[in-house]
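Geometric and topological summary
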Amino acid sequence: MTLWSQKTTEERIDVLIWHYKTMIESIDPTGTALTHDTYLNDKDRYDLVCEWVNFVRQLESLKEKRT
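Notes on the structure in this doc start here. (Residues numbered from 1 in each chain as written. Predicted model: local features only at pLDDT ≥ 70, side-chain atom pairs only at ≥ 80, totals over all residues. Heavy atoms only, no water.)

With respect to the packing of aromatic side chains
Put simply, the test is: What counts as a ring pair is set by centres within 6.5 Å for rings of Phe, Tyr and Trp (its six-membered ring), and what kind of pair is set by the plane angle: stacked under 30 degrees, edge-to-face over 60, tilted for all other angles. Every helix listed is a DSSP run of H or I at least four residues long, and every strand listed is a run of E at least two residues long, numbered separately from the N terminus. Summary of the burial criterion: residues with accessible area below 20% of their type's maximum are buried, those above 50% are exposed, and those between are partly exposed, where the area comes from a 1.4 Å probe applied to protein chains only.
Taken as a whole and assessed by the stated rule, the structure comprises three aromatic pairs. Consider the rings of Y20 and W52, whose centres lie 5.9 Å apart with planes at 80°: the pair is edge-to-face. Remark: W52 occurs in helix α3 (residues 43-66) and Y20 occurs in helix α1 (residues 9-27); sequence separation between them is 32 residues. Take Y20 and W52: they sit in the same class, and that class is buried. With 5.0 Å between their ring centres and 80° between their planes, Y39 and Y46 make a pair best called edge-to-face. By way of ring pairs, the aromatic residues Y20, W52 and F55 are connected into one cluster.

And the structure:
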């Protein structure tokens, strides 16, 4: 097992992407959190998943730019 401080930037980004995707799946296992119905009835869940999805997209974009 490699310590966090010994990981490359790309490896750290991969870990963060995996972590946030896992958290998204635990909150939104059915993939319905970003629907209009969820927006109306469970705004907190909608906002949280939306923020995490956007963060994952930013990490993936950053990873692409580094390669």
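Some words on the pattern of salt bridges
Rules: Here a salt bridge means any side-chain nitrogen of Lys or Arg lying within 4 Å of a carboxyl oxygen belonging to Asp or Glu.
Taken as a whole, this structure holds five salt bridges when the rule is applied. One salt bridge connects K63 with D14, and the closest N-O pair in it is separated by 2.4 Å. Residue K63 is located in helix α3, and its partner D14 is located in helix α1; the two are separated by 49 residues in the primary sequence. For the salt bridge of E60 with K21, the shortest nitrogen-to-oxygen distance reads 3.1 Å. Here K21 lies in helix α1 and E60 lies in helix α3, a separation of 39 residues in the sequence.

Thoughts on the side chain of D28
In plain terms, the rule: By the criterion applied in these results, polar contacts are pairs of N or O atoms within 3.5 Å in which, for protein atoms, one can donate a hydrogen and the other can accept it, and in which residues neighboring in sequence qualify only through two side-chain atoms. By definition in these notes, contact holds between two residues if any of their heavy atoms fall within 4.5 Å.
Looking at where D28 falls in the secondary structure, it is placed in the loop between α1 and α2 (36-41). At 2.9 Å, the side chain of D28 forms a polar contact with the backbone nitrogen of T32. One polar contact links D28 to R45, side chain to side chain, over a distance of 2.9 Å. In this structure D28 touches A33, R45 and V49, once residues within four positions along its chain are discounted.

Nothing here speaks to function; it is all geometry.
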